[in-house]
Amino acid sequence: MIPKRSVVVKGVVKSGAKSFIINLKASYSNEIALHLNPRLNKNTVVRNSFANGIWGEEETEQVKNPFKSGEYFNISICSEEQNFRVFVNGSHSFNYAHRLWNLQQVDKLEVDGDVKIVYVFI
């Protein structure tokens, strides 16, 4: 991940879903530059980073959770100089300030939980 690079993930949230995760990781260290955790049962999207063996402070501020059980989604994560700009279903959802500054070491996309992925573009 370097500035001006994007990752696109398209999928379907499983019916009855509680949550899923999307992580941008550095495989050599298991540090997570961006951890997205839509929690449908709490109607929020948690953002965080994992560095030096500890989780940072969670960010949850958002107008609404754009993810719905049983529905299709399209996430575009754009890396910029100071932050990630995240778009969901074509609309800007939030920015997430970089907490890991060695972004060129981020080389792994991890997706898990109550979701079916149909397309990934890096």
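Each remark here, short or long, concerns the structure printed above.
Residues numbered from 1 in each chain as written. Predicted model: local features only at pLDDT ≥ 70, side-chain atom pairs only at ≥ 80, totals over all residues. Heavy atoms only, no water.

Draft legend 1. Main features of the overall build of the chain. Summing up its helical and strand segments, the chain has zero helices and 10 strands in all. Along the chain, from the amino end to the carboxyl end, the secondary structure elements read β-β-β-β-β-β-β-β-β-β. Its C-alpha atoms give the chain a radius of gyration of 13 Å, within 12% of the compact-globule value 14 Å for 122 residues. Within the span of the chain, comprising 122 residues, buried residues form 41% of the whole. Sequence-distant contacts, at least 24 apart, represent 54% of the contacts inside the chain between residues at least 6 apart. Counting only carbon and sulfur atoms, one obtains 48% of the accessible surface of the chain, whose full area is about 6700 Å². (Helix = DSSP H or I, 4+ residues; strand = E, 2+ residues; numbered from the N terminus. Rg over C-alpha atoms; globule rule 2.2 N^0.38 Å. Buried < 20%, exposed > 50% of the residue type's maximum accessible area, 1.4 Å probe, protein only. Contact = heavy atoms within 4.5 Å. Areas by Shrake-Rupley, 256 points an atom, 1.4 Å probe, with all protein chains shown as cover.)

Draft legend 2. Geometry of the pattern of salt bridges. According to the stated counting rule, one finds four salt bridges in the structure shown. Notably, a salt bridge pairs Arg-39 with Glu-58, separated by 3.4 Å at the nearest N-O pair. Here Arg-39, found in strand E3 (residues 31-39), pairs with Glu-58, found in the loop between strand E5 (54-55) and strand E6 (72-79); they are 19 residues apart in sequence, far enough to count as distant. A relative accessible area of 22% places Arg-39 in the partly exposed class. We classify Glu-58 as partly exposed; its relative accessible area is 41%. (Salt bridge = Lys/Arg side-chain N within 4 Å of Asp/Glu carboxyl O.)

Draft legend 3. Main features of unusual backbone geometry. Positive phi, close to 80 degrees, is recorded for Lys-4, a residue that is not glycine. Looking at where Lys-4 falls in the secondary structure, it is placed in the segment before strand E1 (6-13). Although it is not a glycine, Asn-43 sits at a positive phi angle of roughly 55 degrees. Structurally, Asn-43 can be placed in the loop between E3 and strand E4 (44-51).

Draft legend 4. Structural context of the sheet that holds E1. Strand order across the open sheet formed by five strands is E8-E7-E6-E1-E10, with antiparallel pairing between neighbours. Here the strands that pair on one side only, and so sit at the sheet edges, are strand E8 (91-97) and strand E10 (115-121). The sheet shows a mean angle of 20 degrees between the axes of neighbouring strands, direction not considered. Sheet topology note: the E1/E6 ladder contains seven bridges and is antiparallel. Paired with Val-9 across the strands is Ile-75, a residue of E6. (Pairing = 2+ DSSP bridges. Axes fitted to C-alpha atoms, helices over the stretch in contact; angles between N-to-C directions.)

Draft legend 5. Structural view of the nonpolar core. Within the largest apolar cluster, 27 residues are counted, with the highest numbers of intra-cluster contacts made by Ile-77 and Phe-84. Counting residues per element, the ones that place at least two in this core are E1, strand E2 (20-26), E3, E4, E6, strand E7 (83-88) and E8. Each residue touching Phe-84, except ones within four places of it in the same chain, is listed here: Met-1, Leu-24, Ala-33, Leu-34, Ile-77, Cys-78, Ser-79, Phe-94, Asn-95, Tyr-96, His-98 and Leu-103. (Core = buried A, V, L, I, M, F, W, Y, C linked by side-chain atoms within 4.5 Å.)

Draft legend 6. Expanded view of the environment of Gln-105. For Gln-105, the location among the structural elements is in the loop between E8 and strand E9 (108-113). Classification of Gln-105 by relative accessible area gives partly exposed; the value is 30%. Taking the C-alpha atoms as reference, Gln-105 lies 7.2 Å from Met-1; in sequence the two are 104 residues apart. Apart from the residues within four sequence positions on either side, Gln-105 is in contact with Lys-25, Ala-26, Ser-27 and Tyr-28. A distance of 2.6 Å separates a polar atom in the side chain of Gln-105 from a polar atom in the side chain of Tyr-28. (Polar contact = N/O pair within 3.5 Å; in protein donor to acceptor, adjacent residues only side chain to side chain.)

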